[in-house]
Amino acid sequence: MLPFVLLLLLLAGISCICPPECECELDVRGRRQVMCTKGGMQVPIPITQMDAMLEVLKISAPDHNQNALTIGPIFQQFSQLEEIHIVKSNIPAIGKHSFWGVPTLKMLNLTQNNISQVLESNFQGLMHLEQLHLDDNRIESMHSGTFRKLPELRVLSLARNRITELAPRLFLSLAKLTRLDLSGNPLDDLSPEVFKDVQELRVFACRGCGLKNINTHIYSLLSSLTHLDLGDNDIKYIASDEFRDLRRLQVLRLDGNHLPVVLERTFSWTPKLQVLSLARNRLAKVTTTAFVNLTTLTELDLSYNKLDRAETLTFQPLAESLKVLIIGGNNIPITELKYVLQVVVKLKELSVADMGLTDIPLGLLVHLEHLRSLNFSGNNMMHFPSQVLAPVPKLNELDLSRNNFYGLDDRLLTRLETVPTVHLQGNPWSCDHCHINWMLNRLERMEYLQSVVCMYPYSVQGLTLAALDRESLDWCSASPSYRDDSIAGLSLAHTTKLGFIAAGAAIILLLISSTVIVLTVFYSRHHAAYYYTHEEKRGPEHDSIFENHGAVIDDGLKPKKVSIATIDEITKDPDLQILANGS
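Treat the numbers as computed from the prediction; the structure is a model and nothing was measured.

Reading the values: rules and limits
Residues numbered from 1 in each chain as written. Predicted model: local features only at pLDDT ≥ 70, side-chain atom pairs only at ≥ 80, totals over all residues. Heavy atoms only, no water. Helix = DSSP H or I, 4+ residues; strand = E, 2+ residues; numbered from the N terminus. Buried < 20%, exposed > 50% of the residue type's maximum accessible area, 1.4 Å probe, protein only. Contact = heavy atoms within 4.5 Å. Areas by Shrake-Rupley, 256 points an atom, 1.4 Å probe, with all protein chains shown as cover. Salt bridge = Lys/Arg side-chain N within 4 Å of Asp/Glu carboxyl O. Polar contact = N/O pair within 3.5 Å; in protein donor to acceptor, adjacent residues only side chain to side chain. Disulfide = S-S within 2.5 Å. Pairing = 2+ DSSP bridges. Core = buried A, V, L, I, M, F, W, Y, C linked by side-chain atoms within 4.5 Å. Phe/Tyr/Trp six-rings, centres within 6.5 Å; stacked < 30°, edge-to-face > 60°. Arc of directions from axis to C-beta. Patch = residues over 30% accessible without salt bridge, like charges linked within 9 Å, V, L, I, M, F, W, Y side chains within 5 Å. Lys, Arg positive; Asp, Glu negative; His and termini not counted. Charge placed at Lys NZ, Arg CZ, Asp CG, Glu CD.

### Overview of the overall build of the protein
- For the protein, the helix and strand inventory stands at 10 helices and 22 strands.
- Sorting the 583 residues of the protein into buried and exposed places 45% on the buried side.
- Considering only contacts within the protein whose residues lie at least 6 apart along the sequence, 57% involve residues at least 24 apart.
- Total accessible area on the protein is roughly 29900 Å²; 55% of this is exposed by carbon and sulfur atoms.

What follows is the structure, given as C-alpha cells:
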C-alpha cells in the first residue's frame with residue numbers, strides 16, 4: 001500500500017510543476033518525462049516550470065505550427081536528465097556549451113531543425129552521450145575530429161543534410177561507434193580514409209548519396225558490418241567478389257540502383273546473409289548460381305526489374321530458408337513462377353504485384369501451406385477463383401487492391417471470411433444488385449467491406465458500401481459480362497455506351513441481312529413460278545440460252561456443248577434410255 005501512495009504523491013508532485021503547454025507523466029520505463037508537442041512555442045523554453053528531477057524532455061510540433069526556439073547552457077539544473085528531444089523547432093545552432101554540466105545525458109535528438117554548422121565545442125561535457133541524431137538539418141560540412149568529445153557514442157545519424165564531402169578523420173575517437181547513417185547527402189564518393197576510426201561499425205547506411213561505386217577497401221576496414229544499405233544510388237556494376245570481406249553481413253540493400261545483371265556467385269562470400277534487396281534496378285538476368293551458399297537467406301526482393309525468366313535452379317539454394325519473396329513488377333510468366341514456387345515451399349510472404357496478371361492458375365499455391373501474406377495488387381484481374389486459396393489455410397493477409405474487380409461472389413467471400421486482413425481499395429466497384437449483393441450481405445461480418453468505395457454508377461460514385469441505401473440501388477448499371485459461375489471469383493465487366501452502340505448496330509445489320517435473304521428467296525421462287533407458268537409464251541430469245549451458243553467449262557480444260565433431249569428422243573435412243581433410268 002505504501003509504494004502505491006508514494007507513487008500517487010510522485011505523480012501529484014509532477015503535475016504541480018508542469019508547464020501549461022506541456023504534459024508531464026512517467027514514460028514506459030518509469031522515468032519522469034515532460035512532453036511539449038502542441039507547437040507554437042517561442043523562446044525561452046519553460047525550464048523553470050519543470051521538475052529538477054526531470055529525466056526525459058521531448059519538445060516537438062505539428063507541421064503547421066512549428067516552434068521557434070534556441071538552446072544554450074540552460075540544462076545544468078537537471079542532474080538526472082538522460083534524453084533531450086527537440087525537433088521541428090527551427091533551432092539555428094547548437095551553441096558552444098549548451099550541454100555542459102549535464103553528464104548524465106545519453107541521447108540528444110535535434111532532428112528537423114535549421115542547424116547549419118556543427119563544431120567540436122558543441123559537445124563539450126557530453127562524455128557519456130551514446131546517441132546523437134542530427135537528421136534533416138542544413139549541415140554542409142564538418143572538420144576533422146568534430147565528434148572527438150563523444151568517446152562513448154554508439155549511434156550517429158546525419159541523414160538528409162547537405163554534406164558534400166567527409167573530412168579525413170572526421171570520426172576521430174569514435175572507436176565505439178556501431179551505427180552510422182549518412183543517407184540523403186550528396187556525397188558522390190566515399191574515401192576509405194574517413195572510416196579508419198570506426199572499424200567497429202555494425203550498421204552503415206548511405207542511401208541516396210549519389211554513389212556510382214564503392215571503393216572495396218572500405219569493406220576491408222568495415223569487415224564487422226552486419227547491415228549495409230546502399231539503396232537509391234547510381235551503382236551500375238557489382239563485381240562477383242565485391243563483398244568478399246563482409247563475411248558477417250546479414251542485411252544488404254542495393255535497391256534503386258542501375259544494376260543490369262547479378263553475376264555468378266556474387267553473394268557466396270556472405271554466408272550469413274538474411275535479407276537481400278535488389279528491387280528497382282535494371283536486372284534482365286539473375287544467373288543460376290547467383291545465390292549459391294545463401295542457405296540462411298530469409299527475404300529476397302527482386303521486384304520492379306526487367307526480368308522475364310525465373311529459373312528454378314536459381315532459387316534452389318534458397319529452398320529451405322526463404323520466407324519472403326517479393327518479385328512483382330517483372331514480366332515473368334505466371335507459369336514459370338509456378339515452378340519456382342514448387343521449390344521455395346517455406347514461403348510465408350509472397351508478392352506478385354504489378355505483373356499484368358489476368359488469370360491465376362488454380363495450383364499456383366499448392367505447395368505453400370505456410371503462406372501468411374499474399375499480394376496480388378496492381379494486376380488486371382477481373383475474377384479470383386477461391387480454389388486458389390484452398391492450399392493456404394493459414395493466410396492472414398490478402399491484397400487484391402488496384403485490380404479490375406466490379407464485384408465479388410459468394411464463394412470467394414466465404415473463403416475471405418477466414419482472412420483477417422483483405423485490401424480491396426482501388427478497384428472499379430459497381431454498386432448495383434448485379435455486382436455487390438453478396439458483399440452487402442456480409443458488411444457486418446467483414447468490416448473491411450464497409451470502406452469499399454463505389455465507382456459505378458455515377459449516382460453513387462464515391463460512396464462507401466456502408467453508406468449505400470440498398471433499396472435504391474439499380475439492378476444493373478450496365479450490361480456486365482459474366483464468367484462461368486463454376487469459377488469462384490465473379491468478375492462483372494462493364495459494357496460502355498460504345499458497346500451498346502456496337503450491339504445495336506450489329507442487331508440492325510442482322511435484320512437487314514435477314515430481310516435481304518427473305519427477299520432473295522421470294523424473288524427466286526417467284527421467278528421460277530413465272531418461268532413455268534409462261535413457258536409457252538417464251539420466244540426464241542428465251543430458248544436461245546438452252547442452245548449450244550454458251551460454253552460450260554469442264555474441269556477447267558475445254559468448253560463443252562450442252563444439248564436438251566426431248567422425251568420423244570429419249571424413247572427412240574437406247575443410250576439415252578439407259579441414262580434416263582440411272583443404269
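From this point, things continue past the structure.
### Looking at the environment of S89
- Looking at where S89 falls in the secondary structure, it is placed in the loop between β4 (83–86) and β5 (107–109).
- Apart from residues lying up to four places away in sequence, S89 is in contact with I59, N67, A68, L69, Q112 and N113.

### Here we look at the pattern of salt bridges
- Counting across every chain of the model gives 26 salt bridges.
- Among the salt bridges present, the one from K88 reaches D63, with a minimum N-O distance of 2.8 Å. Pair noted here: K88 is in the loop between β4 and β5 and D63 is in the loop between β3 (56–59) and β4, with a separation of 25 residues, a long-range link.
- Put simply, K346 and E320 hold a salt bridge, and the shortest N to O gap is 2.9 Å.

### A word on helix α6 (residues 433–440)
- Most of α6 sits inside the fold, with 7 of its 8 residues counted as buried.
- For α6, the set of buried residues is H433, C434, H435, I436, N437, M439 and L440.
- Contacts from the buried residues of α6 go to α5 (410–416).
- Its side-chain oxygen placed 3.1 Å from the backbone nitrogen of C434, D432 serves as the N-cap of α6.

### So, the state of the cysteines
- Counting across every chain of the model gives 5 disulfides.
- Disulfide pairing is shown between C18 and C24; the S-S distance is 2.0 Å. Across the S-S bond linking C18 and C24, the dihedral sits near 85°, which makes this disulfide right-handed.
- Two residues, C434 and C476, share a disulfide whose sulfurs are 1.4 Å apart. Note that C434 is positioned in helix α6 and C476 in the loop between α6 and α7 (497–533), a separation of 42 residues in sequence.
- Residue C476 is classed as partly exposed on the basis of its relative accessible area, which comes to 30%.

### Quick word on the pairing of β3
- For strand β2 (residues 32–36) and β3, the ladder comprises 4 bridges, and the chain directions are parallel. Within β3, the residue paired with M35 across the bridge is K58.
- Summarising the sheet, β3 and β4 pair through 4 bridges and their orientation is parallel. Of the residues in β4, the one forming a bridge with L57 is I84.

### A look at the nonpolar core
- Judged by nonpolar contacts, the single largest core of 142 residues is most densely connected at F147 and F376.
- Looking at this core, the elements that each hand over two or more residues are β2, β3, β4, α2 (217–221), α4 (334–341), α5 and α6.
- Take this core: its biggest share by element is 4 residues, from α4.
- The contact partners of F376, leaving out residues within four places of it in the chain, are V352, L357, I360, L364, M381, F384, L398, D399, L400 and N403.

### Comments concerning the packing of aromatic side chains
- Inspection of the entire model under this criterion finds 10 aromatic pairs.
- Aromatic side chains Y219 and F243 sit 5.8 Å apart centroid to centroid with 50° between the ring planes, which places their arrangement in the tilted category. Here F243 lies in the loop between β10 (227–229) and β11 (251–253) and Y219 lies in helix α2, a separation of 24 residues in the sequence.
- On the basis of relative accessible area, F243 is assigned to the buried category, the value being 0%.
- Summarising the aromatic geometry, the rings of F405 and W429 are spaced 6.4 Å apart at their centres and angled 15° between planes, so their arrangement reads as stacked. Separated by 24 residues along the polypeptide, F405 in the loop between β19 (397–399) and α5 and W429 in the loop between β20 (421–423) and α6 bring together distant segments of the chain. Residue F405 shares its accessibility class with W429, and that shared class is buried.
- Feature note: the residues Y219, F243, F267, F291 and F315 constitute an aromatic cluster, connected by ring pairs.

### Quick look at α4
- Listed in full, the buried residues belonging to α4 are I334, E336, L337, V340 and L341. The buried residues of α4 occupy an angular sector of 150° when projected down its axis, which confines them to one face.
- Elements in contact with the buried residues of α4: α3 (312–315), β16 (324–326) and β17 (349–351).

### Let's talk about a positive patch on the surface
- There is a patch of like positive charges on the surface, built from K212, K236, R282 and K306.
- Inspection of the secondary structure puts K236 in the loop between β10 and β11.
- A residue is classified by how much of its surface remains accessible, and K236, at 57% relative accessible area, is exposed.

### Concerning the side chain of N257
- Tracing the backbone through its elements, the reader meets N257 in the loop between β11 and β12 (261–262).
- For N257, a relative accessible area of 3% puts it in the buried group.
- Within the structure, the side chain of N257 is placed 3.3 Å from the backbone nitrogen of N233, a separation counted as a polar contact.
- If we ignore the near neighbours within four places in the chain, the residues touching N257 are L230, G231, D232, N233, D234, I235, R280 and N281.

### Description of unusual backbone geometry
- At the junction of V43 and P44, the peptide bond is cis and its omega measures out at 0° in the coordinates.
- Note on placement: P44 falls in the loop between β2 and β3.
- With omega at -15°, the peptide bond leading from Y456 into P457 counts as cis.
- Looking at the secondary structure, you find P457 in the loop between α6 and α7.
- One non-glycine residue, R169, adopts positive backbone phi at about 60°.
- Turning to its location among the elements, R169 is positioned in the loop between β7 (155–157) and β8 (179–181).
- According to the relative accessible area criterion, R169 is partly exposed, its value standing at 34%.
- The phi angle at D188 is positive, at roughly 70°, despite the residue not being glycine.
- Along the chain, the position of D188 falls in the loop between β8 and β9 (203–205).

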